[in-house]
Amino acid sequence: MAATPLPSSGEPPLDGPKTCDAEGMIDIHRLYRHAFGEAGGLVDGVTDGDSAHADVVASQLDLVSVSLHAHHEGEDAKLWPAIDERAPSCALHVERMKQQHAAMLVQLTALDAALPGWRAAPGAATVEPVRSALAGINAALAEHLPDEEANIVPVMEHVVTKDEEKWFADHGRRSTPKGQQWNMLGAILAAQPDGGDVWLKKNLPGPVVLIWRWVGRPRYRRYRAALEGRSPSGSAR
């Protein structure tokens, strides 16, 4: 693809054709806002010594941490080089994204290091590093995601091809740990403004949507009940 010079603001030329639909980037950002935004409450809902409940919540935090790691690794590997080559006037935006990723990595690494101790022995001594890391991640997301949505996503839609955009989506799916696919799908849907109906119709074939409704969604509801420390019928444990 020929290089497309873009202004330093990151805004695409009004008469430039769109080369892909980057709405998926916004969808996955909603997941991270929602999942990490509720994480502190889930952690606080675990009673000291309740390692069974802590195990479920820690697994959820591991899931979204792995996803965010992979999301940023994909951008570092494929997106920034593509924008550097095809939209060199956005170099300052790209450099800022790299710096924000590096800052986020510090917080994610802290969370990854803190979770095993809390998972095994939830209590006052082990929970504070988890809480601190989550606060750092949420602060970093609050800075990074709006910046990326304002200054990178519009550029993507003018310099990234459909095949390249598909690579990012496939890369994210491949990062989901075995056995966690329904939980990840449920988390993505829960983060969407309408509960995920539009996302399902846009992104999944009809047979998979039916499987989700008959198999995946009931499993996810049971998983959410376990995360929140309540029985599937809705009462607290």
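Figured I'd write up the structure that's included with this text.

Cut-offs applied
- Residues numbered from 1 in each chain as written.
- Predicted model: local features only at pLDDT ≥ 70, side-chain atom pairs only at ≥ 80, totals over all residues.
- Heavy atoms only, no water.
- Helix = DSSP H or I, 4+ residues; strand = E, 2+ residues; numbered from the N terminus.
- Rg over C-alpha atoms; globule rule 2.2 N^0.38 Å.
- Salt bridge = Lys/Arg side-chain N within 4 Å of Asp/Glu carboxyl O.
- Buried < 20%, exposed > 50% of the residue type's maximum accessible area, 1.4 Å probe, protein only.
- Axes fitted to C-alpha atoms, helices over the stretch in contact; angles between N-to-C directions.
- Parallel < 35°, antiparallel > 145°, perpendicular 65-115°, else oblique.
- Left-handed = near helix turned anticlockwise from the far one by under 90°.
- Contact = heavy atoms within 4.5 Å.
- Nonpolar A, V, L, I, M, F, W, Y, C, P; charged D, E, K, R; others polar.
- Core = buried A, V, L, I, M, F, W, Y, C linked by side-chain atoms within 4.5 Å.
- Expected span 1.5 Å × (residues − 1).
- Bend = angle between axes of the 7 residues up to and from the residue.
- Lys, Arg positive; Asp, Glu negative; His and termini not counted.
- Phe/Tyr/Trp six-rings, centres within 6.5 Å; stacked < 30°, edge-to-face > 60°.
- Lys NZ or Arg CZ within 6 Å of the ring centre and 35° of its normal.

Notes on the overall build of the protein chain
A tally of regular secondary structure across the protein chain gives 9 helices and 0 strands. Shown N-terminal to C-terminal, the secondary structure of the protein chain runs as helices and strands in the order α-α-α-α-α-α-α-α-α. Taking 237 residues into account, the globule formula puts the C-alpha radius of gyration at 18 Å, and the protein chain, at 19 Å, falls close to it. Projecting the C-alpha coordinates of the protein chain onto the three principal axes gives extents of approximately 60 × 45 × 25 Å.

Points about the pattern of salt bridges
Summed over the entire model, instances satisfying the criterion amount to 16 salt bridges. A salt bridge links R30 to D27, with the nearest nitrogen and oxygen atoms 2.9 Å apart. Of this pair, R30 and D27 both sit in helix α1 (residues 23–44), 3 residues apart, which is roughly one turn of the helix. Relative accessible area serves as the criterion here: at 24%, R30 is assigned to the partly exposed category. Residues D84 and K98 are paired through a salt bridge, measuring 3.9 Å at the closest nitrogen-oxygen approach. Of this pair, D84 sits in helix α2 (residues 51–86) while K98 sits in helix α3 (residues 91–120), and the two are 14 residues apart along the sequence.

A closer look at the packing of α1 against α2
How two helices pack is summed up by the angle between their axes together with the distance between the axes. Where α1 contacts α2, the two axes come as close as 10 Å, and the packing angle between them is 150 degrees. Comparing their axes, α2 and α1 come out roughly antiparallel. Relative to α2, α1 is oriented so that their crossing is left-handed. Residues M25, I28, H29, L31, Y32, A35, F36, E38, A39, L42 and V43 of α1 lie in contact with α2, whose contacting residues are V57, Q60, L61, V64, S65, S67, L68, H71, E75 and L79. A class-by-class count of the residues in the contact of α1 with α2 yields 14 nonpolar, 5 polar and 2 charged.

Considerations on the nonpolar core
Formed by 42 residues in total, the largest nonpolar core has its most connected members in F36, L61, L111, W118 and V130. Elements represented by at least two residues in this core include exactly α1, α2, α3, α4 (124–151), α7 (181–190), α8 (197–203) and α9 (206–227). Among residues more than four places away in sequence, those in contact with V130 are V43, L61, L111, A114, L115 and W118.

Quick notes on α4
Every α-helix carries 3.6 residues per turn, so stepping three or four residues along brings you back to the same face. Here α4 contains 28 residues, and its C-alpha end-to-end distance of 41 Å stays within 8% of the 40 Å for a straight helix at 1.5 Å per residue. In α4, a bend of some 25 degrees at L141 exceeds every other bend along the element.

Description of the side chain of E75
You can see E75 is positioned in helix α2. Although buried, E75 forms no salt bridge, and the nearest oppositely charged side chain, R33, lies 11 Å from it. With near-sequence residues (within four places) excluded, E75 lies in contact with M25, W80, P81, H101, H144, E148 and F168.

Comments concerning the environment of A58
One can find A58 in helix α2. On the accessibility criterion, A58 (0% relative accessible area) is buried. C-alpha separation for the pair A58 and T161, spaced 103 residues apart in sequence, amounts to 37 Å. A58 has contacts with L115, W118 and R119, leaving out every residue within four places of it along the chain.

Things to note about the packing of α1 against α4
Relative orientation of the contacting elements α1 and α4 amounts to 160 degrees, with a least axis distance of 10 Å. Taken together, α1 and α4 sit at an angle that is classed as roughly antiparallel. As α1 packs across α4, the resulting crossing turns out to be left-handed. Of the residues in α4, those in contact with M25, I26, H29, Y32, R33, F36, G37, A39, G40, V43 and D44 of α1 are V127, V130, R131, L134, I137, N138, L141, L145, P146, E148 and E149. In terms of residue class, the contact of α1 with α4 is built from 13 nonpolar, 4 polar and 5 charged.

As for the packing of aromatic side chains
With the rule as written, the count across this model stands at 4 aromatic pairs. Centre to centre, the rings of W212 and Y220 are 6.4 Å apart; their planes meet at 45 degrees, and the pair counts as tilted. With a relative accessible area of 4%, W212 lands in the buried category. Using a relative accessible area of 11% as the deciding quantity, one classes Y220 as buried. The rings of W182, W212, Y220 and Y223 are connected pair by pair, giving a single aromatic cluster. Just above the ring of W167 sits the side chain of K78; from NZ or CZ to the centre is 5.3 Å.

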